[in-house]
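# Summary of the model geometry
In case you want the letters, here they are:
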Amino acid sequence: MNPIQMVDLKSQYLRIKPEIDAAIQRVLDSTAFIQGSPVFDFEQQLAQYAGSKHVVSCGNGTDALLAALMALGIGEGDEVIIPAFTFIAAVEVVALLGATPVLVDVCDDSFNMDVHALEKAVTPKTKVILPVHLYGQCADMELILKIAKKHNIKVIEDACQAVGATYTFSDGAMKQAGTMGDVGCLSFFPSKNLGCYGDGGAMMTQDADLCERLRAICKHGSKEKYHHQLVGLNSRLDTLQAAILMAKLPHLDDFIAARGFAAQYYYEALKGLDWIELPVIKENTTHTFHQFTLRVKEGKRDALKQYLAAKGIPSMIYYPVPAHLQPAYQYLNYKEGDFPVAEQLCREVLSLPMHTELSENQLQYICKTIVDCPL
Ligand SMILES: *Cc1c(COP(=O)(O)O)cnc(C)c1O
């Protein structure tokens, strides 16, 4: 059995090496390293895959969130509602713009934004709701969009972990993560479900004007070179990364299926352990298993992590500290106890190895080790 890794980028690369190498070689031959044709071809290909009218690529997922907020004119005095249990990027970019991150607790089952908490957090200053589709399943978008509409608030989806996840509305309409709000943000960080070999990101929108603003913002705020209508950024997807993503996108459904296979194995083999709660998949969303995240009860999380490490099984804590208790955000004046679910999750979550190359032998070994755990 090969050593078990949290994410195995090498084996995946080797499996599709001829396609990737050829794509990279074509860019080298063209030397169009910035804004070469693969960048725009990839945008089109992704738009088609996701069912999005427009896709604008950019430097990374964090920039996608930042540019989305800028395109909606968010700044000082504006409030943006964000779940307290997430990667920090969304909170960070709101703070950078001088706007106020307003944090809300998450649901006990899905770990996504708690819609009741969201509704209570809306004020006349709320300009954006920023749900995160955590670990690969969609937040409760139907209710989030309803609240947004009622109060005339924009919605930016942080879909960085959920490319390809599908949400079904009560009227039967199905949409992909990132295509439901005003702007949806994706990351192509190497370990994401659609990862490039460096940094990359994209924004999706169904609004042509917004698309034009997003594009301009990522190009120093200019629609025409050296004429700057907006304060912008320099945020671009490299041609090399676009070419790699074009080679990988046709495999994305297979990648998601491979993760689903590993997840199914975990569900079967780990059910019935009363000190471990397995991820809950909500009815109206698919789960693309960017992470397979356990809740380890009875205070045994850290001990389990150590035990697994001793047996050669890596695991990760996403995330150990909720946003409201991070030192950088103390100025927001939150305190311990404000978001009890987020805080409890930080004490209980443990993500198991999850990638497209896990073998049945490896999965069997991981599960047997957990089932036999003497803790
Ligand atoms: C990865 C990630 C980001 C940031 O993406 P980068 O490409 O690393 O900037 C933002 N939000 C979430 C939820 C993420 O998982």
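Provided above is the structure to which this section pertains.
Here we summarise the structure given alongside this text. Source: prediction; values computed, not measured.

Glancing now at the pattern of salt bridges. One pass over the structure, following the stated rule, counts 17 salt bridges. For Lys-271, the salt bridge is made with Glu-268, and the minimal N-O distance between the two is 3.0 Å. The class of Glu-268 is partly exposed, set by a relative accessible area of 49%. Between Lys-368 and Asp-372 there is a salt bridge whose closest N-O contact spans 2.6 Å. What emerges from the salt-bridge pattern is a single network uniting Asp-108, Glu-277, Arg-295, Lys-297 and Glu-348.

This part covers the sheet that holds strand E2 (residues 79-83). With respect to topology, seven strands assemble into an open sheet ordered E1-E9-E8-E5-E4-E2-E3, the strand pairing being mixed. What marks the edges here is a single partner per strand, and that holds for strand E1 (54-58) and strand E3 (100-104). Between one strand and the next, the sheet's axes are offset by a mean angle of 25°, whatever the strand orientation. In terms of strand pairing, E1 meets strand E9 (residues 201-205) through five bridges, oriented antiparallel. Across the sheet, the residue bridging to His-54 is Thr-205, located in E9. Against the sheet, helix H3 (residues 37-50) contacts E1, strand E8 (183-187) and E9, and its axis sits at roughly 135° relative to E1. The strands touched by helix H8 (residues 208-218) within the sheet are E1, E8 and E9, with E1 carrying the most contacts at an inclination of about 10°.

Burial in helix H12 (residues 340-348) covers these residues: Val-341, Ala-342, Glu-343, Leu-345, Cys-346 and Glu-348. The elements touched by buried residues of H12 are strand E13 (292-296), helix H11 (301-310) and strand E14 (349-352).

The rules behind the values
- Residues numbered from 1 in each chain as written.
- Predicted model: local features only at pLDDT ≥ 70, side-chain atom pairs only at ≥ 80, totals over all residues.
- Heavy atoms only, no water.
- Salt bridge = Lys/Arg side-chain N within 4 Å of Asp/Glu carboxyl O.
- Buried < 20%, exposed > 50% of the residue type's maximum accessible area, 1.4 Å probe, protein only.
- Pairing = 2+ DSSP bridges.
- Helix = DSSP H or I, 4+ residues; strand = E, 2+ residues; numbered from the N terminus.
- Axes fitted to C-alpha atoms, helices over the stretch in contact; angles between N-to-C directions.
- Contact = heavy atoms within 4.5 Å.

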